[in-house]
Amino acid sequence: ILMQPSLADILTRTPPQIWAILAVIVALGLMQLRARAVKEANLMIMPMAMIGLSLYTVYSNFGFIGQTIGPWFAGFGIAFAVNAVLLKSPSNATFDQQTQKFLVPGSAIPLLIMLAIFATNYAMGVTRAIQPERLADSDVRIKACAILGLLSGLLFARAIRIGKAKKRAHAA
């Protein structure tokens with residue numbers, strides 16, 4: 001009988017660069033907790049980086065096939081639509097025409113989404129190391145890819161919604 005490694009085993013055998021990535025994600029997420037002014041050029045950096053991490057997770061664990069990229073895009077689209085119609089997050093970002101910066105209220109949502117993307121990526125890596133056969137399960141593939149697409153879509157939708165504050169400012 002093969003013994004499964006303990007949580008302590010998993011954590012201590014995690015490569016140091018993974019903890020460095022987590023530290024960067026936490027630092028970026030903590031910056032989102034307070035209101036801030038964001039240059040237009042910087043608005044999409046974080047969402048695009050997290051989309052890249054999300055797609056890297058899909059590719060490195062499953063490859064880009066219909067059963068992976070389809071659910072990823074479905075999750076992304078659903079998140080975008082849900083944010084546009086229901087969540088409308090963030091609802092009170094504005095654009096300062098004088099400074100040419102977006103004024104974004106503080107929120108824990110980006111931190112939570114980024115941590116969820118990291119956790120999904122980490123779980124896939126642990127699964128690949130301990131039970132690689134689980135990654136061959138189509139249900140695992142579909143759900144993991146849909147979750148990653150959904151989370152990425154929420155971050156992207158927030159950035160797009162912030163960007164629309166510029167149009168509202170020009171219309172006013």
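As a reminder, the structure under discussion sits directly above these lines.
In this text the structure is predicted, and so the values were computed from the model without any measurement. In every chain, residue numbers begin from 1 and rise along the written sequence. Two thresholds apply to this predicted model, a pLDDT of at least 70 for residue-level local features and 80 or more for giving and counting side-chain atom pairs, whereas whole-chain, interface and lining totals are computed over all residues. Side-chain figures throughout are based on the complete set of non-hydrogen atoms in the structure, without hydrogens or water.

Novice: When you look at a nonpolar patch on the surface in this model, what are you seeing that I'm missing?
Specialist: Each patch is assembled from residues with relative accessible area greater than 30% and no salt bridge, linking like charges that lie within 9 Å and nonpolar side chains (Val, Leu, Ile, Met, Phe, Trp, Tyr) that lie within 5 Å. Note on areas: Shrake-Rupley, 1.4 Å probe, and residue coverage restricted to the protein chains presented here. For salt bridges, the criterion is a side-chain nitrogen of Lys or Arg within 4 Å of an Asp or Glu carboxyl oxygen. A grouping of Ile78, Val82, Val85, Leu86, Leu87 and Leu150 is seen on the molecular surface, where their side chains present a nonpolar patch of about 540 Å² in accessible area. A per-element tally of the nonpolar patch places helix α4 (residues 66–87) first, with five residues. The numbering of helices and of strands both runs from the N terminus, where a helix is a DSSP run of H or I of at least 4 residues and a strand a run of E of at least 2. Structurally, isoleucine 78 can be placed in helix α4.

Novice: In this structure, what is going on with the packing of aromatic side chains? I would like to understand it.
Specialist: For any pair of aromatic rings, the description rests on two quantities: the centre-to-centre distance and the angle between the ring planes. Two rings belonging to Phe, Tyr or Trp (six-membered ring only in the last case) form a pair when the distance between their centres is within 6.5 Å. Interplanar angles under 30 degrees mark stacking, angles over 60 mark edge-to-face geometry, and anything in between is tilted. For the structure on display, the rule yields eight aromatic pairs. Between tryptophan 19 and tyrosine 122, the aromatic rings sit 5.8 Å apart at their centres with planes inclined by 40°, giving tilted as the arrangement. You can see tryptophan 19 sitting in helix α2 (residues 16–31) and its partner tyrosine 122 sitting in helix α5 (residues 109–130), a full 103 residues away along the chain. Only protein chains enter the accessibility calculation, which uses a 1.4 Å probe. A residue is then buried if its area is under 20% of the maximum for its type, exposed if over 50%, and partly exposed in between. Under the relative-accessibility criterion, tryptophan 19 is labelled partly exposed at 32%. A ring pair is formed by phenylalanine 118 and tyrosine 122, whose centres lie 6.0 Å apart and whose planes are at 20°; its orientation type is stacked. One end of the pair is phenylalanine 118 and the other is tyrosine 122, both in helix α5 and four residues apart, which spans about a single turn. The two residues phenylalanine 118 and tyrosine 122 agree in class, both being buried.

Novice: Where do I start with the nonpolar core in this structure?
Specialist: What tends to happen in soluble globular proteins is that the nonpolar side chains get buried as a cluster. Residue types Ala, Val, Leu, Ile, Met, Phe, Trp, Tyr and Cys, when buried and joined through side-chain atoms within 4.5 Å, form a set referred to as a nonpolar core. Met50, Trp72, Ile117 and Leu155 are the most contacted members of the largest nonpolar core, which has 27 residues in total. Here this core gets eight residues from one element, more than from any other, and that element is helix α6 (residues 138–171). With ten residues, the next largest nonpolar core counts Val38, Phe102, Ala159 and Ile162 among its residues.

Novice: Which parts of the structure should I look at to understand the side chain of lysine 166?
Specialist: When you line up the elements, lysine 166 lands in helix α6. Counted as a polar contact is a pair of N or O atoms within 3.5 Å, where, for protein atoms, one must be capable of donating a hydrogen and the other of accepting one, and residues adjacent in sequence contribute only when both atoms are in side chains. Polar contacts involving the side chain of lysine 166 include one to the side chain of glutamate 40, which spans 2.7 Å. Here lysine 166 is in contact with Glu40, Phe95, Gln100 and Phe102, once residues within four sequence places are set aside. In this description, contact between two residues means that some pair of their heavy atoms is separated by no more than 4.5 Å.

Novice: Can you walk me through helix α3 (residues 45–62) in this structure?
Specialist: Owing to its 3.6 residues per turn, the α-helix aligns residues three or four sequence positions apart on the same side. To estimate the expected span of a helix, count its residues, drop one, and scale the result by 1.5 Å. Taking 1.5 Å as the rise per residue, α3 with 18 residues should run 26 Å; its terminal C-alpha atoms sit 25 Å apart, in good agreement. Tucked into the core, α3 has its buried residues touching α2, α4, α5 and α6. Among the residues trailing α3, glycine 63 stands out with phi positive, at a value near 80°.

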